[in-house]
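Residues per chain are reported as follows:
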2 protein chains.
Amino acid sequence: MWQAQVFVTFKRGVLDPQGEAIRGALGALGFDGVEQVRTGKYMQVRLRAADEAEVRRRVDEMCRRLLANPVIEEYRFDLAPAGEAGK
Amino acid sequence: MWQAQVFVTFKRGVLDPQGEAIRGALGALGFDGVEQVRTGKYMQVRLRAADEAEVRRRVDEMCRRLLANPVIEEYRFDLAPAGEAGK
């Protein structure tokens, strides 16, 4: 069993109105000095695969086909062995 | 200038219907062996602060007051020095 942590972020240059809203809200709460907030998605995927090469290939394909929108988003992920469920 | 990477995830035991929907969609796309998908939020915050202790204190307060809902979510973050904007 493996656990992938997937990070999906907007490509540089893509507007992030949610991040701008958070930056404004932080300022309204009195947090000074916040220059930029960029938002993204974070997913933890637990999956079975024979070895690290296979899990890497499959998670990359998941990102390209479903988890990220390659037109405006980029993704990265890291992998770690995971214990069986319930352990 | 510092960059904080903030990860907000549901607490253990909190239902994650979006993650379940993604798991189902991965199965429908032919990805076998996906046991669980948990979704979360990922934010990159660039801010000015005098030193690492101050930025750590401020980002922790941002998480508690705005970025995470402490009733159902937990958060963690890491910090790194960041270059000035445009560099």
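Computed from a predicted structure; not experimentally measured.

Enquirer: Go over the interface of chain A and chain B with me, naming the residues and quoting the values.
Expert: At the interface, 33 residues of chain A touch 34 residues of chain B. In terms of surface lost to chain B, no three residues of chain A exceed Phe31, Glu35 and Tyr42 of chain A, which account for 20% of the buried area on that side. Connecting chain A to chain B are two salt bridges. Here Glu35 of chain B ties to Arg48 of chain A by a salt bridge, and the two come within 3.2 Å at their closest N and O atoms.

Enquirer: Please provide a residue-by-residue account of the relation of the copies chain A and chain B, values included.
Expert: Aligned on chain B, chain A shows an RMSD of 0.0 Å; the corresponding rotation is 180° and the shift along the axis is 0.0 Å. Both copies of the chain, as the preceding transformation shows, are related through a two-fold rotation axis. A share of 100% of the interface residues of chain A reappears at the interface of chain B, consistent with the copies meeting face to face through the same patch.

Enquirer: Give me the pattern of salt bridges: which residues, what numbers.
Expert: Pairs may arise between side chains of opposite charge once their charged atoms sit close together. Residue and element names in this part refer to chain A. Under the definition given, this model contains 14 salt bridges over all chains. Salt-bridge contacts for Glu73 lead to Lys41; the nearest nitrogen and oxygen are separated by 3.5 Å. Of this pair, Glu73 sits in strand 3 (residues 73-81) while Lys41 is found in strand 2 (residues 34-47), placing the two residues 32 residues apart along the sequence.

Thresholds applied
- Residues numbered from 1 in each chain as written.
- Chains lettered and ligands numbered in written order.
- Predicted model: local features only at pLDDT ≥ 70, side-chain atom pairs only at ≥ 80, totals over all residues.
- Heavy atoms only, no water.
- Contact = heavy atoms within 4.5 Å.
- Buried area = accessible area lost by both parts, 1.4 Å probe.
- Salt bridge = Lys/Arg side-chain N within 4 Å of Asp/Glu carboxyl O.
- Least-squares fit on C-alpha atoms with pLDDT ≥ 70 in both.
- Helix = DSSP H or I, 4+ residues; strand = E, 2+ residues; numbered from the N terminus.

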